[in-house]
Amino acid sequence: MGSRSFGVTGGEPLLREDLTEILSYADEQGLVTTLATNGFLLDMLKAKELKQAGLRSIQISLDGEEAIHNHIRNNSQSYARALESVKYCQEVQIPLITISSVVSRLNFAILPFLKQILLDNKIKHWKLIPLMPIGRAAKDMAKEDKSLLKGLFDFIIANKRQINIILGENLPYLGKYDRLVRDKPTYCPVGIGTLCLGVDGNVRGCPEMPDTSEFVEGNILDSDIEEIWQNSFGKYRNALLKSEDPNCRKCRFWAKCRGGCWVMRLGQLHCIKELLK
């Protein structure tokens with residue numbers, strides 16, 4: 001199909017006993033392999049296995065200093081294990097190690113402190129992801145956090161020279177902040193550059209999309225994955241939002257934004273003009 005990369009996420013992918021076998025096979029086929037994990041099950045032995053499997057990039061979640069991270073995870077060991085997993089990956093020299101943090105009202109105020117923790121642990125890459133209206137993040141909670149966006153953008157601008165900060169793709173266009181926060185333009189690649197294969201064989205655009213009929217494009221138990229890719233995803237490729245959403249239709253930023261993130265749209269958090277009012 002011409003794919004260049006193969007990423008594994010979850011849930012928690014390290015629960016799969018055959019994970020390194022899958023990654024090794026993908027690496028043998030010439031795919032760049034990536035992994036997103038909470039780090040809880042990543043000990044030195046597992047780090048060595050991942051390195052041997054050819055893993056090129058790992059993303060480990062850290063959502064605050066110890067008390068906040070453990071509160072969010074509801075586990076008193078999560079913070080320590082996440083930092084330990086970083087050290088194991090550094091020791092076996094996995095090429096790219098990134099910390100990802102979901103930004104919300106729970107941790108926004110301590111971002112400077114969290115940045116220092118990363119620097120102290122020799123972490124060079126930090127992905128900051130605005131809260132999305134899915135899972136335990138109810139819509140009302142996500143709407144409450146939209147007031148943090150300007151502060152988040154200002155934080156990135158002030159600190160991006162000290163540590164490489166990447167903003168999550170769930171806000172693909174940032175208006176007047178776009179060139180200040182990002183080094184290059186970003187777009188939602190769903191159905192154009194990416195697809196997601198779920199544990200039950202369902203194919204959708206990205207892992208954050210709910211596994212519902214609205215987003216499922218087919219199932220590999222019924223159809224070949226290349227057939228699904230070639231014949232589905234029409235609403236993304238044909239830019240249906242421009243005709244279906246009156247605000248998008250008349251927006252002069254359509255070419256740069258293309259309607260924003262489909263998952264953020266579930267909570268009406270997709271329009272940067274509205275979020276920055």
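Note that this is a predicted model, so its numbers are computed, not measured. (Residues numbered from 1 in each chain as written. Predicted model: local features only at pLDDT ≥ 70, side-chain atom pairs only at ≥ 80, totals over all residues. Heavy atoms only, no water.)

**Q** Quick one: what's the story with the sheet that holds strand β5 (residues 125-130), residue by residue and with numbers?
**A** Spatially, six strands are ordered β1-β2-β3-β4-β5-β6 in an open sheet, and the strand pairing comes out parallel. The open sheet has two free edges, formed respectively by β1 (5-8) and β6 (164-167), since each of these has just one partner strand. Each adjacent strand pair in this sheet contributes to an overall mean axis angle of 20 degrees, direction not counted. In terms of strand pairing, strand β2 (residues 32-37) meets strand β3 (residues 57-61) through four bridges, oriented parallel. Opposite Thr34, over in β3, you have Ser57 as the bridge partner. (Pairing = 2+ DSSP bridges. Helix = DSSP H or I, 4+ residues; strand = E, 2+ residues; numbered from the N terminus. Axes fitted to C-alpha atoms, helices over the stretch in contact; angles between N-to-C directions.)

**Q** I'd like a rundown of the pairing of β6, residues and numbers included.
**A** Taking every second residue as pointing to the same face, the buried face of β6 carries Ile165 and Leu167, while none of Asn164 and Ile166 on the other face is buried. Across four bridges, the pairing between β5 and β6 is parallel. Note on β6: the bridge partner recorded for Leu128 is Leu167. (Buried < 20%, exposed > 50% of the residue type's maximum accessible area, 1.4 Å probe, protein only.)

**Q** Could you give an account of unusual backbone geometry, naming the residues involved and the relevant values?
**A** Residue Gly11 is reached from Gly10 by a cis peptide bond, and omega for that bond is 10 degrees. Mapped onto the fold, Gly11 is located in the loop between β1 and α1 (19-28). Positive phi outside glycine occurs at Phe233, with the angle close to 65 degrees. Residue Phe233 is classed as buried on the basis of its relative accessible area, which comes to 0%. Phi angles above zero are rare outside glycine, and Arg258 is one such case at about 55 degrees. As for its placement among the helices and strands, Arg258 is situated in the loop between α13 (254-257) and α14 (272-275).

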